[in-house]
Amino acid sequence: MKRAFAGITAALVALSVTFTLTTGPSSATPPNIPSASTAASRLASLTVAAESHQSTYNRDLFPHWITISGTCNTRETVLKRDGSGVVTGSNCAAASGSWYSPYDGATWYAASDVDIDHMVPLAEAWRSGAWAWTTAQRQAYANDLGGPELWAVTDNVNQAKGDQDPSTWKPALTSFWCTYARAWIQVKWYYNLTLQSSEKSALTTMLGYC
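On a predicted model such as this, the values are computed, not experimentally measured, just so you know.

Enquirer: Teacher, can you tell me more about the packing of aromatic side chains here?
Expert: Where two aromatic rings form a pair, the distance of their centres and the angle of their planes describe that pair. Scanning the entire structure with this criterion turns up 16 aromatic pairs. Here the basic side chain of R42 rests over the ring of W189, its NZ or CZ set 3.8 Å away from the ring centre. If you follow R138 out to its NZ or CZ, it ends over the ring of F62, 6.0 Å from the centre.

Enquirer: Please explain the packing of helix α2 (residues 36–45) against helix α8 (residues 197–207) as it appears in this structure.
Expert: A pair of packed helices can be characterised by two numbers: the angle between their axes and the separation between those axes. Contact geometry for α2 and α8: axes closest at 11 Å, N-to-C directions at 170°. It follows that α2 is roughly antiparallel to α8 by the angle criterion. Listed contacts from α8 to A39, A40, L43 and A44 of α2 are K200, L203, T204 and L207. Its residues assigned to classes, the contact of α2 with α8 comprises six nonpolar, one polar and one charged.

Enquirer: Mind showing me how you'd approach the nonpolar core here?
Expert: A general feature of soluble globular proteins is that nonpolar side chains tend to end up buried together. Counting residues in hydrophobic clusters, the biggest one holds 34 residues, and the most contacted among them are Y103, M119, Y141, W151 and Y180. Among the elements of the structure, α2, α4 (122–127), α5 (135–142), β7 (150–154), α7 (177–190) and α8 are those that each provide at least two residues to this core. The dominant element in this core, judged by the number of residues it contributes, is α7, at eight residues. Dropping the residues within four chain positions of it, Y180 is found in contact with Y103, M119, K161, P166, W169, P171 and M206. Judged by nonpolar contacts, the second largest core, of 12 residues, contains I68, W99, V114 and A152.

Enquirer: What is the right way to read the state of the cysteines from this model?
Expert: One way to say it: the disulfide is the covalent bond shared by the sulfur atoms of two cysteines. Summed over the entire model, instances satisfying the criterion amount to two disulfides. Residue C178 pairs covalently with C210 via a disulfide, S to S 2.0 Å. Between C178 and C210 the sulfur-sulfur dihedral comes to about 105°; the bridge is accordingly right-handed. On the criterion of sequence distance, the pair formed by C178 in helix α7 and C210 in the segment after α8 is long-range, its members being 32 residues apart. In the chain, the bonded cysteines, taken in the order they occur along the sequence, pair up as 1-2, 3-4.

Enquirer: Just checking my understanding: could you explain the environment of A172 for this structure?
Expert: Residue position: A172 is located in the loop between α6 (155–161) and α7. What makes A172 exposed here is its relative accessible area of 67%. Linking A172 and Y103, residues 69 residues apart in sequence, is a C-alpha distance of 6.2 Å.

Enquirer: Explain the pattern of salt bridges here, please?
Expert: Here the idea is simple: oppositely charged side chains can pair when their charged atoms come close. By the definition in use, this model includes seven salt bridges. For R127, the salt bridge is made with E51, and the minimal N-O distance between the two is 3.0 Å. Separated by 76 residues along the polypeptide, R127 in helix α4 and E51 in the loop between α2 and β1 (67–69) bring together distant segments of the chain. Overall, E51 belongs to the buried group, its relative accessible area being 18%. The closest approach of N and O atoms between E124 and K188, which form a salt bridge, is 2.6 Å. Taken as a pair, E124 in helix α4 and K188 in helix α7 lie far apart in primary sequence, 64 residues in all. Across the pair, exposure class does not vary: E124 and K188 are buried alike. What emerges from the salt-bridge pattern is a single network uniting E51, E124, R127, D163, K188 and E199.

Quick notes on the rules
- Residues numbered from 1 in each chain as written.
- Predicted model: local features only at pLDDT ≥ 70, side-chain atom pairs only at ≥ 80, totals over all residues.
- Heavy atoms only, no water.
- Phe/Tyr/Trp six-rings, centres within 6.5 Å; stacked < 30°, edge-to-face > 60°.
- Lys NZ or Arg CZ within 6 Å of the ring centre and 35° of its normal.
- Axes fitted to C-alpha atoms, helices over the stretch in contact; angles between N-to-C directions.
- Helix = DSSP H or I, 4+ residues; strand = E, 2+ residues; numbered from the N terminus.
- Parallel < 35°, antiparallel > 145°, perpendicular 65-115°, else oblique.
- Contact = heavy atoms within 4.5 Å.
- Nonpolar A, V, L, I, M, F, W, Y, C, P; charged D, E, K, R; others polar.
- Core = buried A, V, L, I, M, F, W, Y, C linked by side-chain atoms within 4.5 Å.
- Buried < 20%, exposed > 50% of the residue type's maximum accessible area, 1.4 Å probe, protein only.
- Disulfide = S-S within 2.5 Å.
- Salt bridge = Lys/Arg side-chain N within 4 Å of Asp/Glu carboxyl O.

This is the structure:
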């Protein structure tokens, strides 16, 4: 069943009210990553189409990071969620902790070495259909904590990825390809985004590592 945008923004608002930062066990894996079989089924259901509207993309059309709880914005919330032993100051900035980057297997001990990656980059989402969304819908997408869209990863790895899809960029760790493909497919399916044929082929290959 295709997802619709009705209620997405409201759900994000509700999440911003109920999400709390705790000192419990860290989880380096975002929620709602489908099984390989479910991902394969969802991949088959996605519309293959050429990308469009590349020239009109502007990162500011996806407002982020927004306040999630108290003084904590989306970035700080993901750092707390995915880190280990994270200690934050009164402004919610991470003062200490460690972060494992699943893209390259590196562990970092300074939050400044960690970027929050959009699994499906904002520019890629734009080219795949987000150009037609409202600003509120794009804000919900850019700050989505309910699915596998936001990942704490090595900063220069995130920068190397840029706005590329899996046909031109994959994580260095092949052991992570299965999870990466499942997460990418989930985001595209949930938000009813299109994909290119080369992207679909790359994702099919990556699912073969599951």
